Every structure is written in structure tokens, then in C-alpha cells.
Amino acid sequence: MRQLAVYRNGILAGILTEENRQNYLFQYDDNYLLSSDSQPISLTLPKSKQVYVSEILFPFFYNMLSEGVNRKLQSMLLKIDENDHFGLLAKTSEYDTIGAVTLKPLN
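Just so it is clear, the model here is predicted, and its values are computed rather than measured.

## What to know about the pattern of salt bridges
Phase 1 of the analysis: What the rule picks out here adds up to six salt bridges.
Phase 2 of the analysis: Salt-bridge contacts for Glu18 lead to Arg2; the nearest nitrogen and oxygen are separated by 2.7 Å. Note that Glu18 is positioned in strand β2 (residues 11-20) and Arg2 in strand β1 (residues 2-8), a separation of 16 residues in sequence.
Phase 3 of the analysis: A salt bridge links Arg2 to Asp84, with the nearest nitrogen and oxygen atoms 2.7 Å apart. Linking Arg2 in strand β1 with Asp84 in the loop between α3 (68-78) and α4 (85-92), this pair joins segments that are 82 residues apart in sequence.
Phase 4 of the analysis: Relative accessible area serves as the criterion here: at 31%, Arg2 is assigned to the partly exposed category.
Phase 5 of the analysis: With relative accessibility at 10%, the residue Asp84 sits in the buried group.

Written out as C-alpha cells, the structure is:
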């Protein structure tokens, strides 16, 4: 099992979990849910206490990954299987992302 902390504008929004390559979970942090100022990280993942479950990496997170030649280069340089979407996400979405969402290894 692998997990990433999901931040929106530097504030912990929730936890993304890969139980295996066919089972992914996303759950909002309780403090994030209680904040009236916080926004959902995606229209497809509205703020809710429910645990979101998917058989594939949620499209919102998958779309944060590079494509084509850039993905091949990242995979080669990082020594990560090109099909390990969660692994690539963990190594490439900590700092330089488009938009307000970043993901960091869970301590």
C-alpha cells in the first residue's frame, strides 16, 4: 500500500491511497472538510466524508501526469515503470504542478 498527502494551496486536503493497481482510495481530511474556506480538489471529488473508491487512478490525479516523450523521459530518469502511474505521480507532483494541487509522500 502506498499513500500520498494531497494539498490544495499548501493546505492538507486529504489522503490518496493505492492499495494495489486495481484499488485506489481518496478521503478528505476532517479539518479540511470543516473549513468553510476550503474548496473541493476537483468537481469529480466534491467535499464529502465518504471515501472515494476507484479501480483506476482517479482521472483527476492521472491527468496530472506527463504524456508521451516527457513521460518516457521521466520514467527513465526516475527509474520507474512507465505504467506505474502512482509511482510517477509521487515523484513528479510534489512541487511543480499546474494548478493548486500538489501531492507529497505521507510521513
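## Observations concerning the environment of Arg8
Phase 1 of the analysis: Within the element layout of this structure, Arg8 appears in strand β1.
Phase 2 of the analysis: Distance from Arg8 to Asn23, taken between C-alpha atoms, is 23 Å for residues 15 residues apart in sequence.
Phase 3 of the analysis: Each residue touching Arg8, except ones within four places of it in the same chain, is listed here: Ala13, Tyr32, Gln39, Pro40, Ile41 and Ala100.

## Digging into unusual backbone geometry
Phase 1 of the analysis: The phi dihedral of Asn9 falls on the positive side, at around 55°, and the residue is not glycine.
Phase 2 of the analysis: Among the secondary structure elements, Asn9 is positioned in the loop between β1 and β2.
Phase 3 of the analysis: Here Asn9 falls in the exposed class, since its relative accessible area comes to 54%.
Phase 4 of the analysis: If you check the backbone angles, Lys79 has positive phi at about 55° while not being a glycine.
Phase 5 of the analysis: Tracing the backbone through its elements, the reader meets Lys79 in the loop between α3 and α4.

## Focus on the pairing of β1
Phase 1 of the analysis: Pairing geometry for β1 and β2, over seven bridges, is antiparallel. What sits directly across from Val6, in β2, is Gly14.
Phase 2 of the analysis: In this sheet, strand β5 (residues 101-105) lies alongside β1 in antiparallel orientation, the contact comprising five bridges. Considered in β5, the bridge of Ala5 is made with Lys104.

Definitions and cut-offs
Once a new chain begins, its residue numbering starts again from 1 and follows that chain's sequence as written. pLDDT decides what is reported in this predicted model: residues at 70 or higher carry local features, side-chain atom pairs at 80 or more are listed and counted, and totals for whole chains, interfaces and linings draw on all residues regardless. Side-chain measures were taken over the full set of non-hydrogen atoms in the model, leaving aside hydrogen atoms and water. We define a salt bridge as a contact between a side-chain nitrogen of Lys or Arg and a carboxyl oxygen of Asp or Glu at a distance within 4 Å. Elements are defined by DSSP. Helices are runs of H or I of four residues or more, strands are runs of E of two residues or more, and each kind is numbered from the N terminus. Here the term buried applies to any residue with accessible area under 20% of the maximum for its type, exposed to any over 50%, and partly exposed to those in between, with areas from a 1.4 Å probe on protein chains only. In what follows, a contact means two residues having at least one pair of non-hydrogen atoms within 4.5 Å. Pairing between two strands is assigned when DSSP locates at least 2 bridges connecting them.

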